[in-house]
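In case you want the letters, here they are:
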Amino acid sequence: MKFRLYSLALLALLTFSCKGQTSEATQEVEVTETIEKTADLFDADALLERVRYLSLDSLEGRQTGTKGNLIAREYVINQFKKYGIAPLLEDYTQPFSFEGRRDKKTYEGANVLGVIKGTEHTEKYIVISAHYDHVGVRDGKVYNGADDDASGTSAIIAMAEYFKNNPPKHSVVIAAFDAEEMGLQGASHFVKANTLPKEQIAMNVNLDMVGRNDNNELYVVGTNLYTQLQPAIEGLELPEDFKLSVGHDGLDGKQSWVFSSDHGPFHRAEIPFLYFGVEDHKDYHKPTDDFENIQPEFYAKAVTAVIAVFEKLDEMKFE
């Protein structure tokens, strides 16, 4: 496949990042040179719009148990419906409760779970996940969490959009987990509640912070732990000026991300995973993690790369 991005997304990039350009004509030339071909994988403008909405100040940081979190949940459900994602359970939500680690309060959360049935391996599921919650309001400042993890939440919906025209061979669960920021609570509940029998879960693909990186670099974690997954990242045709790096798996001297996000509970249950994310940026867990700092070109390339990896995973046979 030849991967190219959508013009409106690139125009948005120029709006956010090219303030030093000398003229409007120069910007137009850059767009023309960048876009040679377009791959109809997903709507890159809709990808950005979902991040913009989920990171609005009015959602007040989407902390579990708050009104903003409920608004985000309903929005994600409506996006699932829009792209024809059927509910995995009786409806789209999987409620759960837990005790806060510090304040010992009882919190009520809910995962949003959808399913896309596979064309061949209908009883083997690949769980594609991201978390829609964030840390809320602190000291009067809203932590919007545009990259963390509105970017991942929108990306898994873009993948569902891709599956409409490219049905997967394995069944796919699209999981928007809640309460990741409070200790991976939603993903832990999904695994511990035996939502799907363990033997039916082939693996987890988790996306958390995929919307920006100044080095055009996205990390994939898991192939050094689950070596059977290594072929999925080999021989990929990736977007230009984009790097998919392996590491942060506790084996390379870098900070370990093995339990840093919602793939952790799957790994603890000995379910293979691949985690996609960027290294921490200056706005990580700060009130400046805003939509305006998302890098549209990198973001669309990152989602494109994850889709390319998924295609190879989908060709594998999971015992």
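Worth saying up front: this structure is predicted, and the values here are computed from it rather than measured.

A few words now on the packing of aromatic side chains. Taken as a whole, this structure holds 13 aromatic pairs when the rule is applied. Aromatic pair Y226 and F273: ring centres 5.8 Å apart, planes at 80 degrees, arrangement edge-to-face. Here F273 lies in strand β11 (residues 273-277) and Y226 lies in the loop between β9 (217-221) and β10 (243-246), a separation of 47 residues in the sequence. In this structure Y226 comes out as buried when scored by relative accessible area, which is 11%. A ring pair is formed by W257 and Y275, whose centres lie 5.9 Å apart and whose planes are at 70 degrees; its orientation type is edge-to-face. Taken together, the residues W257 in the loop between β10 and α7 (264-268) and Y275 in strand β11 connect sequence positions 18 residues apart. For W257, a relative accessible area of 6% puts it in the buried group. Aromatic ring contacts, followed pair by pair, group F96, F98 and Y107 into a single cluster. The ring of Y143 carries the charged tip of R138 above its face, separated from the ring centre by 5.5 Å.

What follows deals with the nonpolar core. In this structure, I128, I174, L218 and F276 are the most contacted members of the largest nonpolar core, which totals 76 residues. Ranked by size, the runner-up nonpolar core spans 15 residues in total, among them L88, Y125, V173 and I271.

What follows covers the pairing of β9. Most of β9 sits inside the fold, with five of its five residues counted as buried. With burial as the criterion, each face of β9 is covered, one bearing E217, Y219 and V221 and the other bearing L218 and V220. Pairing of β9 with β10 involves four bridges; the strand directions are parallel. Residue pairing across strands places E217 opposite K243, the latter belonging to β10. In terms of strand pairing, β9 meets β11 through three bridges, oriented antiparallel. Bridging across to β11, V221 finds its partner in Y275.

About the thresholds
- Residues numbered from 1 in each chain as written.
- Predicted model: local features only at pLDDT ≥ 70, side-chain atom pairs only at ≥ 80, totals over all residues.
- Heavy atoms only, no water.
- Phe/Tyr/Trp six-rings, centres within 6.5 Å; stacked < 30°, edge-to-face > 60°.
- Helix = DSSP H or I, 4+ residues; strand = E, 2+ residues; numbered from the N terminus.
- Buried < 20%, exposed > 50% of the residue type's maximum accessible area, 1.4 Å probe, protein only.
- Lys NZ or Arg CZ within 6 Å of the ring centre and 35° of its normal.
- Core = buried A, V, L, I, M, F, W, Y, C linked by side-chain atoms within 4.5 Å.
- Pairing = 2+ DSSP bridges.

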